[in-house]
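Summary of structural features
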Amino acid sequence: MPRFYCPVNLATGLELELPAGAARHVQVLRLQPGDAITLFQGGLAGTGEFEARVTHMGRSSVRVQVGAHHAIEREAPREVHLLAGITANERMDWLVEKATELGAASITPLLAERSVLKLKGERADKKRAHWQAIAIAACEQCGRNRVPVVAAAVDLAGWLQAHAQAAPMQRLLLSLRGASVPIGALQGQTGPVTLLSGPEGGLGSMEEDAALAHGFERVSLGRRVLRAETAALAALARIAGG
């Protein structure tokens, strides 16, 4: 059954006009009055999903009748907040999509020393909106009912400063340096975690040192050197589980 993100207050019995994004997707699929769909609000509090049925298809609007609510969540066993170095071109799109499918609780694009793509101003806002749309589409596809927030791109110093007084949370740094803990040793651990992964070429030495000084612990995926987006996703899958 087609699933659509609908960021409005849903309730059984409500008849409503779908937001523009969801309406456009319904029209692209050429659904007709009477066809069944699933709607989800995407909130972090866990809102489940709703059955719905198309009642009207207009040239620019779609109306639906909201049906039964199902308290279904398909989140990963462990809450992982991904802080990922921005990779080149479509690789970052792919990283955001797959990180969402794998259960990332949030995604923060990192303007790292070695990031090829540099963002600021209006261009940064457009990229953030683009990546958020990718996360929404990934949730529609994979069945998640909570859309991970894609934060504004930030450099590591800015992130560390902004989170200096944050509630205690395990912090893991994906690193090729020695003395790293094998990531497999973390399986079975619980509680939220921030996972920091660099862009192509990894984090610079000063960036790693700054992260370590702010409570990050080095972890390793093994002896092979993976592409930046592959490494972040492999680590996310191992830590999040499920």
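Each remark here, short or long, concerns the structure printed above.
The paragraphs below set out a description of the structure included in this document. (Residues numbered from 1 in each chain as written. Predicted model: local features only at pLDDT ≥ 70, side-chain atom pairs only at ≥ 80, totals over all residues. Heavy atoms only, no water.)

One simple way to see leftover space: roll a probe sized like a water molecule over the atoms. Each pocket or cavity is described by its volume, and for the largest pocket that value is around 400 Å³. Put simply, the parts of the chain that give the lining of the largest pocket at least two residues each are helix H5 (205–213), strand E12 (216–220) and helix H6 (228–240). Looking at the lining of the largest pocket element by element, the count peaks at three residues for H6. Residue composition of the lining of the largest pocket, grouped by class: ten nonpolar, eight polar and eight charged. Here the second largest pocket defines a volume of roughly 270 Å³. As for the second largest pocket, its lining consists of 16 residues, and the residues nearest its centre are His81, Trp159, His163, Met169 and Thr194. Every element with two or more residues in the lining of the second largest pocket is listed here: strand E6 (80–85) and strand E7 (106–110). Ranked by residue count, the leading element in the lining of the second largest pocket is E6, at three residues. Among the residues making up the lining of the second largest pocket, the classes are represented as ten nonpolar, five polar and one charged. (1 Å grid on protein atoms, 1.4 Å probe; cavity = no way out; pocket = protein on both sides within 12 Å on 5 of 7 lines; lining within 4 Å. Points joined across faces, edges and corners; volume = space filled by probe spheres on them. Helix = DSSP H or I, 4+ residues; strand = E, 2+ residues; numbered from the N terminus. Nonpolar A, V, L, I, M, F, W, Y, C, P; charged D, E, K, R; others polar.)

Below, the discussion takes up the side chain of arginine 3. Tracing the sequence through the fold places arginine 3 in strand E1 (residues 3–5). By relative accessible area, arginine 3 is classed as buried at 13%. There is a polar contact of 2.8 Å between the side chain of arginine 3 and the side chain of glutamate 49. Of the polar contacts made by the side chain of arginine 3, one reaches the backbone oxygen of glycine 143; its length is 3.5 Å. Apart from residues no more than four positions distant in its own chain, arginine 3 is found in contact with Thr38, Phe40, Glu49, Arg74, Cys139, Glu140, Gly143, Arg144 and Asn145. (Buried < 20%, exposed > 50% of the residue type's maximum accessible area, 1.4 Å probe, protein only. Polar contact = N/O pair within 3.5 Å; in protein donor to acceptor, adjacent residues only side chain to side chain. Contact = heavy atoms within 4.5 Å.)

With the rule as written, the count across this model stands at eleven salt bridges. Its salt-bridge partner being lysine 98, residue glutamate 97 comes within 3.1 Å of it at the nearest N-O pair. For lysine 98, a relative accessible area of 22% corresponds to the partly exposed category. Through salt bridges with shared partners, a single network forms among Arg3, Glu49 and Arg74. (Salt bridge = Lys/Arg side-chain N within 4 Å of Asp/Glu carboxyl O.)

Turning to the nonpolar core, a few remarks are in order. One finds Val96, Ala99, Trp131 and Leu195 to be the most contacted residues of the largest nonpolar core, which totals 32 residues. Looking at this core, the elements with two or more residues in it are E6, helix H2 (90–102), helix H3 (121–142), strand E9 (170–174), strand E11 (193–197) and H6. Excluding residues within four positions of it along the chain, valine 96 makes contact with Ile107, Trp131, Ile134, Ala135 and Val150. Among the nonpolar cores identified, the runner-up in size contains 17 residues, and Leu18, Ala22, Val26 and Val64 belong to it. (Core = buried A, V, L, I, M, F, W, Y, C linked by side-chain atoms within 4.5 Å.)

Before going further, it helps to spend a moment on the sheet that holds strand E4 (residues 49–57). The strand order across the open sheet built from five strands is E1-E3-E4-E5-E2, with neighbouring strands paired in mixed fashion. The open sheet terminates on both sides in strands that have one partner only, identified here as E1 and strand E2 (15–17). Strand-to-strand twist across the sheet, computed as the mean angle between neighbouring axes with direction ignored, equals 40°. Taken together, the three bridges between E2 and strand E5 (residues 62–70) define a ladder with antiparallel strand orientation. What sits directly across from glutamate 17, in E5, is arginine 63. Helix H1 (residues 20–28) contacts E1, E4 and E5 of the sheet and is inclined by roughly 155° relative to E1. Running over the sheet, H3 touches E1 and strand E3 (36–40) and is turned about 150° from E1. (Pairing = 2+ DSSP bridges. Axes fitted to C-alpha atoms, helices over the stretch in contact; angles between N-to-C directions.)

As a further point, take the environment of alanine 11. Relative to the elements of secondary structure, alanine 11 occurs in the loop between E1 and E2. Overall, the relative accessible area of 37% leaves alanine 11 in the partly exposed class. For alanine 11 and glycine 222, which are 211 residues apart along the polypeptide, the C-alpha to C-alpha distance reads 48 Å. Among all residues touching alanine 11, those that are not within four sequence positions of it are Phe50 and Val66.

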